[in-house]
Amino acid sequence: FFSSRRRHTRFKCDWSSDVCSSDLDPKERKKLEQITHPLIRKEFESIIKNLPENSIVINQIPLLAESKYDYKFDYVIAISAPIEVRKNRLLERGMKSYEIEQRLAAQASDADRAKIANEVIENAGDLSQLTTNVEKVWRKLLALQSKNK
């Protein structure tokens, strides 16, 4: 997720982080989000205010499509992979089948994510392929930024 007021000279992809625990029931998750999300947004806004003009900022929000908050991003990128690929990756990371089903049930559909995205990067292959796809989009965004200066 990119905003023109953010600066990022390198990018790092961490595809293994377990951001939202699948052990939480939906009511517990919502309560946790009501506490954490406003604090995260406030910190995000504070960081943005202190950046130079024309900075590029990358903000990773795993559940952006599910969020009811009206973010003001200039460019949104969604990462997509087939359901079976997602399930296999989560199994390899040690998640149980029921945890995977809970996680997937809490997520928006690919179509919902595509609706809010300017670009969708496919992630059906290995990390090398994903990195190549991300770098293509990164170069495209740098070119767009140069045109807008």
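Structural data are supplied above this passage.
Residues numbered from 1 in each chain as written. Predicted model: local features only at pLDDT ≥ 70, side-chain atom pairs only at ≥ 80, totals over all residues. Heavy atoms only, no water.

Caption draft 1: Representation of the overall build of the protein. Scanning the protein for helices and strands turns up 5 helices and 4 strands. Order of helices (α) and strands (β) in the protein, N terminus to C terminus: β-α-β-β-α-α-α-β-α. Taking all 149 residues of the protein together, the buried fraction comes to 28%. For the protein, the share of sequence-separated contacts (at least 6 apart) that also reach a separation of at least 24 residues comes to 78%. In the structure as shown, the protein presents an accessible area of about 10,300 Å², 53% of it carried by carbon and sulfur atoms. (Helix = DSSP H or I, 4+ residues; strand = E, 2+ residues; numbered from the N terminus. Buried < 20%, exposed > 50% of the residue type's maximum accessible area, 1.4 Å probe, protein only. Contact = heavy atoms within 4.5 Å. Areas by Shrake-Rupley, 256 points an atom, 1.4 Å probe, with all protein chains shown as cover.)

Caption draft 2: The arrangement of the packing of aromatic side chains in detail. Under the definition given, this model contains 1 aromatic pair. Between the aromatic rings of Phe44 and Phe73, the centroid separation amounts to 6.0 Å while the plane-to-plane angle is 65°, which identifies the pairing as edge-to-face. Taken together, the residues span a long stretch of sequence, with Phe44 in helix α1 (residues 26-49) and Phe73 in the loop between β2 (57-58) and β3 (77-80) at a distance of 29 residues. Residues Phe44 and Phe73 agree in their burial class; the two are buried. (Phe/Tyr/Trp six-rings, centres within 6.5 Å; stacked < 30°, edge-to-face > 60°.)

Caption draft 3: Highlighting helix α3 (residues 97-106). Along α3, the positions that sit buried rather than exposed are Glu99, Ile100, Arg103 and Leu104. On an axial view of α3, the arc spanned by its buried residues comes to 130°, and they lie on one face. On its buried face, α3 sits against α2 (83-92). (Arc of directions from axis to C-beta.)

Caption draft 4: Expanded view of α1. The terminal C-alpha atoms of α1, which comprises 24 residues, lie 33 Å apart, in line with the 34 Å expected from a rise of 1.5 Å per residue. The complete set of buried residues in α1 reads Arg29, Arg41, Phe44 and Ile48. (Expected span 1.5 Å × (residues − 1).)

Purely spatial values, then, with no claim about function.
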